Amino acid sequence: MAFENPSREEIKEILEHAGNIAVVGLSDKPDRTSYMVAQAMQSNGYRIIPVNPAVSGQILGEQVYASLADVPEPIDIVNVFRRSEYTPEVAREAVAARAKVLWLQQGIISEEAAQIAEQGGLKVIMDRCIKVEDSILLGKSRQ
């Protein structure tokens, strides 16, 4: 059976109830899409948790973690900025971290990652930009 994203109403509910968003592959370079999207989500009231083993210190004023396993607090959404072939491992980490949602950014699709996450009890969204969905579905209502 082919993967299907949750309905717009379900995505809206996910965003309304999300607090902590772990961003896997978040760059420390302000001109990168991952940085711009995370910054916009942060300014909309979400807590961004950077996950990038190649960066130490902070991004967007938040401590960077090398992996999801290192994040010491609950994760609502794992937002992924990694190529599709790396997402099954991220899905396994998201399940182990007891995240609620695995969100693969626009252009990232992995049936294998979706299956791993769904079997681990996570909701899965693929090939959608979290910033765009937040803007369309919630606008400024979070603040």
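Reading guide: rules and limits
Residues numbered from 1 in each chain as written. Predicted model: local features only at pLDDT ≥ 70, side-chain atom pairs only at ≥ 80, totals over all residues. Heavy atoms only, no water. Helix = DSSP H or I, 4+ residues; strand = E, 2+ residues; numbered from the N terminus. Polar contact = N/O pair within 3.5 Å; in protein donor to acceptor, adjacent residues only side chain to side chain. Buried < 20%, exposed > 50% of the residue type's maximum accessible area, 1.4 Å probe, protein only. Arc of directions from axis to C-beta. Contact = heavy atoms within 4.5 Å. Phe/Tyr/Trp six-rings, centres within 6.5 Å; stacked < 30°, edge-to-face > 60°. Lys NZ or Arg CZ within 6 Å of the ring centre and 35° of its normal.

The protein chain carries the name CoA-binding protein in an unreviewed UniProt entry, which gives Paenibacillus woosongensis as its organism.

Please set out the side chain of Asp76 residue by residue, giving values where relevant.
Counting through the fold element by element, Asp76 comes out in the loop between β4 (62-63) and β5 (77-80). Polar side-chain contacts of Asp76 include one of 2.7 Å to the backbone nitrogen of Gly19.

Any chance you could break down helix α5 (residues 130-137) for me, citing the residues and the numbers?
Owing to its 3.6 residues per turn, the α-helix brings residues three or four apart onto one side. Listing the buried residues of α5 in full gives Ile130, Glu133, Asp134 and Leu137. Axial view of α5: buried residues confined to an arc of 100°, hence all on one face. Against α1 (8-17), β1 (20-24), α2 (33-43), β5 and β6 (101-104) lie the buried residues of α5. Phi for Gly139, located one or two positions after α5, is positive at around 55°.

Could you give an account of the packing of aromatic side chains, naming the residues involved and the relevant values?
One pass over the full model with this rule turns up 0 aromatic pairs. Positioned over the ring face of Tyr86 is Arg82, at 4.2 Å from the centre of the ring.

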